[in-house]
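# Architecture at a glance
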Amino acid sequence: MKKYKILVIEDTKSIREELREILIFEGMQVFTAENGQEGIDKAKEHLPDLILCDIMMPVKDGFEVFEDIQNINNLKHTPFIFLTAKATIENRREGMILGADDYIAKPFDIELLIKSIKSRLYKEKKRKQSENNKLETLQYNISFAIPHELLTPLNGIIGLSGLMKDPEVAIDDKEFRDFASGIFDSGHRLLNTFQKFIYYTEVELLLNNDKNKVSLKKEITMIGEQELEVQSQIIAQKFNRESDIKLHIKPFNIKISSFHFEVIIVNIVDNAFKFSNKGDNVIIEVELDDSHVHITIIDKGLGFNDVTLSQIGAFTQFNRSKMEQQGLGLGLIISKKLINFYEGELSIIGNKPKGSCVKLSFLIA
């Protein structure tokens, strides 16, 4: 069984020693510090599982300790509990605004303190388990999806072109066109994969470039309904499903660059067709309120199986282990990051009895 490491930062020696004895009795490993700066140094050295910290201390007070801890990558998620005799409403509010996990007034109830500590340790354990699960899923998806998405179309191109150039293989006109079509489709699949990589990289660079952020947030997509209709029709034609698309749209202008709006629409509408069957409608609706344009894409495909937005990430495809899918899972995360950048919102709900409903909300220009 793991022995949790607890760091106690308290300038009053009697309280510091009492806490140390209590926590050791509970089976925990305890480190102590008598001022804020020493506490930060001890935290860096021992990487505790939880920090108990007084507020009124010499050198650095508890709030300064907490802010410093939040800026240290391998400590910023560490549960942090304030201990103080200064139990005013303003003091509590300041601690909670900073993001502390709990706030316990002195003199403290030992049973309440232990319950709070164990509760925070349990929550952090679950968070780490969730992060590990995400990492394992990401590793699996990368190891399987990337080779698959690159090698499958390349094998198609090499195999079909090899047959076409082999002088011993007799090919009539129909077979020649079929082979050429196969090469063309494989090439486009490969091109689409590289474009997604490029878009994802560009979005990540965009989010870290303050100069570009300012200029992009001034851009507007005018006559957005035309862009929406054109891109939706192009995707329907790509899947030979022109009769499946149903458009219920209204005129709108929105606060987003036209290129980024196109990227979002192409990604979301393409998914709606990719994961639904020919003959099933893909419905696109537009509604406006006082501040936003809401675009809803509804399909009757595989759906998301109660997926939450927090699960959407690069190289993440849902249920890939159970069914063959094309793509790297970049489309959704690109769209999500772009919409968030422009202060919009992407939400996903199940479309019972099957399918999905993706709602895109943009600020009205």
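Residues numbered from 1 in each chain as written. Predicted model: local features only at pLDDT ≥ 70, side-chain atom pairs only at ≥ 80, totals over all residues. Heavy atoms only, no water.

### Quick notes on the pattern of salt bridges
Test applied: Throughout this description, the term salt bridge denotes a Lys or Arg side-chain nitrogen within 4 Å of a carboxyl oxygen of Asp or Glu. Counting from the N terminus, the helices are the DSSP runs of H or I reaching at least four residues and the strands are the DSSP runs of E reaching at least two.
Using the criterion set out here, one finds 12 salt bridges in the structure. For the salt bridge of Glu34 with Arg16, the shortest nitrogen-to-oxygen distance reads 3.8 Å. Within this pair, whereas Glu34 is found in the loop between strand E2 (29-33) and helix H2 (36-46), its partner Arg16 is found in helix H1 (residues 13-25), the two being separated by 18 residues in sequence. Between Asp270 and Lys238 there is a salt bridge, and its shortest N-O distance comes to 2.7 Å.

### Here's the deal with the sheet that holds strand E4 (residues 80-84)
The strands making up a sheet associate through backbone hydrogen bonding, with each pair oriented either parallel or antiparallel. Put simply, the rule is: Strand pairing is defined by DSSP finding a minimum of two bridges between the two strands. The convention used is that axes are lines fitted to C-alpha atoms, helices contributing only their stretch in contact, and that angles between N-to-C directions extend from 0 to 180 degrees. Contact definition: two residues touch when any of their heavy atoms are within 4.5 Å.
Strand order in the open sheet formed by 5 strands is E2-E1-E3-E4-E5, with parallel pairing between adjacent strands. Of all strands in the sheet, those bounded by a partner on one side alone are E2 and strand E5 (102-105). The average undirected angle you get between the axes of adjacent strands in this sheet is 20°. As paired strands, E4 and E5 are joined by 4 bridges and run parallel to one another. Opposite Thr84, over in E5, you have Ala105 as the bridge partner. Along the sheet, H1 makes contact with strand E1 (5-9), E2, strand E3 (50-54) and E4, crossing E2 at roughly 170°.

### With respect to the packing of helix H6 (residues 173-206) against helix H10 (residues 330-341)
Note the threshold: Roughly parallel here means an angle under 35 degrees, roughly antiparallel means over 145, roughly perpendicular means 65 to 115, and every remaining angle is called oblique. In this scheme, a crossing is called left-handed if the near helix is turned counterclockwise away from the far one by less than a right angle; it is called right-handed if the turn is clockwise. Residue polarity is assigned by list, with Asp, Glu, Lys and Arg as charged and Ala, Val, Leu, Ile, Met, Phe, Trp, Tyr, Cys and Pro as nonpolar; anything else, Gly included, falls into the polar class.
Following both chains from N to C, one finds H6 and H10 inclined at 30°, their axes separated by 10 Å at the closest point. In terms of axis orientation, H6 runs roughly parallel to H10. Of the two possible hands of crossing, H6 and H10 adopt the one that is left-handed. Side by side, H6 and H10 meet where Lys196, Phe197, Tyr199, Tyr200, Val203, Glu204 and Leu206 of the first sit next to Leu330, Gly331, Ile333, Ile334, Lys337, Leu338 and Phe341 of the second. When grouped by side-chain class, the residues that make up the contact of H6 with H10 number 10 nonpolar, 1 polar and 3 charged.

### So, the nonpolar core
Rule in force here: Definition used in this section: a nonpolar core is a set of buried Ala, Val, Leu, Ile, Met, Phe, Trp, Tyr and Cys residues joined via side-chain atoms within 4.5 Å. When a residue's accessible area, from a 1.4 Å probe over protein chains only, is under 20% of the maximum for its type it is buried; when over 50% it is exposed; and in between it is partly exposed.
With 37 residues, the main nonpolar core has Phe261, Ile295, Ile297, Leu360 and Phe362 as its most contacted residues. At the level of secondary structure, the elements contributing two or more residues to this core comprise H6, helix H8 (224-238), helix H9 (258-274), strand E7 (282-288), strand E8 (292-299), H10, strand E9 (345-350) and strand E10 (356-363). Contacts of Phe261, omitting those with residues within four sequence positions, involve Thr221, Gly224, Glu227, Leu228, Phe252, Ile254, Ile256, Ile295 and Phe362. Leu7, Ala43, Phe63 and Ile69 belong to the second-largest nonpolar core, a separate cluster that totals 20 residues.

### Section: the environment of Leu190
Mapped onto the fold, Leu190 is located in helix H6. A residue is classified by how much of its surface remains accessible, and Leu190, at 12% relative accessible area, is buried. Between the alpha carbons of Leu190 and Glu149 there is a distance of 7.4 Å; along the sequence they are 41 residues apart. Residues contacting Leu190, with those up to four places away along its chain left out, are Glu149, Leu150, Pro153 and Leu154.

### Considering a nonpolar patch on the surface
Our working rule: Distance thresholds for patches are 9 Å for like charges and 5 Å for nonpolar side chains (Val, Leu, Ile, Met, Phe, Trp, Tyr), applied to residues having over 30% relative accessible area and no salt bridge. Per-residue and other accessible areas follow the Shrake-Rupley method at a 1.4 Å probe size, with only the shown protein chains counted as cover for residues.
Where nonpolar side chains cluster on the molecular surface, the patch consists of Leu151, Leu154 and Ile158 and spans about 280 Å² of accessible area. Tracing the sequence through the fold places Leu154 in helix H5 (residues 110-165).

### Details of the confidence of the model for the protein chain
Put simply, the test is: pLDDT is defined as a per-residue confidence score from the predictor, taking values between 0 and 100.
On average, the protein chain scores 84 in pLDDT, and the residues at 70 or more come to 84%. Within the model, the stretch residues 320-325 combines pLDDT values under 50 with 15 contacts to residues more than four positions away or in other chains.

### Some words on the side chain of Arg120
With respect to the element layout, Arg120 can be found in helix H5. When sequence neighbours within four positions are dropped, the list of residues in contact with Arg120 reads Leu50, Pro79, Ile81, Asp101 and Asp102.

### Structural notes on the environment of Leu154
Note on Leu154: relative accessible area 34%, which makes it partly exposed. Distance in space between the C-alpha atoms of Leu154 and Ile183 is 9.0 Å, their sequence separation being 29 residues.

### Quick look at H2
Worth spelling out the cut-off: By arc we mean the arc of the directions from the helix axis to the C-beta atoms, nothing more. Identification of polar contacts relies on pairs of N or O atoms within 3.5 Å, with a donor-acceptor requirement for protein atoms, meaning one able to donate a hydrogen and the other able to accept it, and with residues adjacent in sequence counted only if both atoms are side-chain atoms.
Among all positions of H2, only Gly36, Gly39, Ile40, Ala43 and His46 are buried. The buried residues of H2 occupy an angular sector of 150° when the element is viewed end-on, so they sit on one face. Facing away from the buried surface of H2 by more than 90 degrees, the exposed residues are Lys44 and Glu45. Structurally, H2 contributes buried residues whose contacts are with E1, E2, E3 and helix H3 (62-70). Taking the backbone nitrogen of Gln37 as reference, a side-chain oxygen 3.1 Å away marks Asn35 as the first, capping residue of H2. A positive phi of about 50° marks Leu47, the residue just after H2.

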